[in-house]
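Reading the structure
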Amino acid sequence: MPLVLNNDEFLGFLELAHPVEGESFKSGISELRDVLRAVKSRGDAPRWCEAERRISGGPADIYEFEALSPSDKQISVFLSAIPDWVEKQAAGARLSGSYRNDTSVASVISLSGAMLLMGADLENKSGGKGWPEVHEGSWKSRGQAEFFKLPHHGSATGHYGPVWNDMLIDDVFSALAPFNKGKKLPSSADLNRIANLTSNAYATSLPESRKKLKRPALVESIIHQKGVELLAEWTDLGQLRFRRPKAAVGQAWEVELFGSAPFKIESAAA
């Protein structure tokens, strides 16, 4: 879990926060609150992540996980903003989304001679934040990964050219999951960009619009008063599985698609 969550002020903010209508942090706050409560209820001790934190595991340390972000600088910037958030929350003001994803935990997993780059929701932002910090800092001289979990749902904001040039093999096997709220990701332009970067990219599904369910006016009124929104179920979430014999370092991955939603990403011009 991100180290920034292990902060008394931030934990207090999560417990007290009740975002105003339309607040962009609304779902994120609820999700974080639920996750932390679930961890606490199980009595688990979280492993807190920051750039260059390593965790090994399995028989004879068969795998190694290392966080590539967030950097010390981004942790400090994030934590320094909490008092301002608390003040704005108390005044009923809308919170700024400018820090979104700056503390996302991108990571590299080393397993049986293979390197897997997990992009999380890290973005390429101005001022050298996000992927530039990883590329010029925590990645160092590792070589090139042979699998890439595409960052930020494959969006353009998660793209950083030097990652593809220096940190990934050619035609790297890649995967993404869509974002179905608000501005849906990836866009058609995103899919074309990804297809032109690798011929081995896959998605669990396309972004899907969920229609609001219609009910009699009286029922709708009661639901609205309770602050509840009922949406149609997802038609098919889809799953991807990448496998390869552990001794077959450098060989192609076997890709399995489950359900009707997953697909291989190909250029519209193909």
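Procedures and definitions
- Residues numbered from 1 in each chain as written.
- Predicted model: local features only at pLDDT ≥ 70, side-chain atom pairs only at ≥ 80, totals over all residues.
- Heavy atoms only, no water.
- 1 Å grid on protein atoms, 1.4 Å probe; cavity = no way out; pocket = protein on both sides within 12 Å on 5 of 7 lines; lining within 4 Å.
- Points joined across faces, edges and corners; volume = space filled by probe spheres on them.
- Helix = DSSP H or I, 4+ residues; strand = E, 2+ residues; numbered from the N terminus.
- Nonpolar A, V, L, I, M, F, W, Y, C, P; charged D, E, K, R; others polar.
- Buried < 20%, exposed > 50% of the residue type's maximum accessible area, 1.4 Å probe, protein only.
- Contact = heavy atoms within 4.5 Å.
- Patch = residues over 30% accessible without salt bridge, like charges linked within 9 Å, V, L, I, M, F, W, Y side chains within 5 Å.
- Areas by Shrake-Rupley, 256 points an atom, 1.4 Å probe, with all protein chains shown as cover.
- Salt bridge = Lys/Arg side-chain N within 4 Å of Asp/Glu carboxyl O.
- Arc of directions from axis to C-beta.

Moving on to empty space enclosed by the protein. Where empty space is left in the structure can be found by rolling a water-sized probe over the atoms. For the structure on display, the rule yields 1 cavity of 30 Å³ or more. Of the volumes computed, that of the largest cavity is approximately 80 Å³. If you go around the largest cavity, you meet 13 residues; those closest to its centre are Phe148, Pro151, Gly158, His159 and Trp164. Among the elements of the structure, α5 (161–167) and α6 (188–197) are those that each provide at least two residues to the lining of the largest cavity. Considered class by class, the residues forming the lining of the largest cavity number 8 nonpolar, 4 polar and 1 charged.

A few words now on helix α4 (residues 131–138). For α4, the complete set of buried residues consists of Trp131, Pro132, Val134, His135 and Ser138. Packing partners of the buried residues in α4 comprise β4 (114–118), β5 (124–125), β6 (129–130), β7 (145–149) and α5. Backbone geometry just after α4 places Lys140 at a positive phi near 55°.

On the surface, a nonpolar cluster with roughly 230 Å² of combined accessible area is contributed by Ile62, Tyr63 and Leu111. As for its position among the elements, Tyr63 is in strand β2 (residues 63–67). The class of Tyr63 is partly exposed, set by a relative accessible area of 33%.

Those residues of α6 lying buried are Asp190, Leu191, Ile194 and Ala195. End-on, the buried residues of α6 take up no more than an arc of 130°, which puts them together on one face. Residues of α6 that are exposed and angled more than 90 degrees away from the buried face: Ser188, Ala189 and Asn196. The elements touched by buried residues of α6 are β8 (168–176), β9 (201–203) and β12 (263–264).

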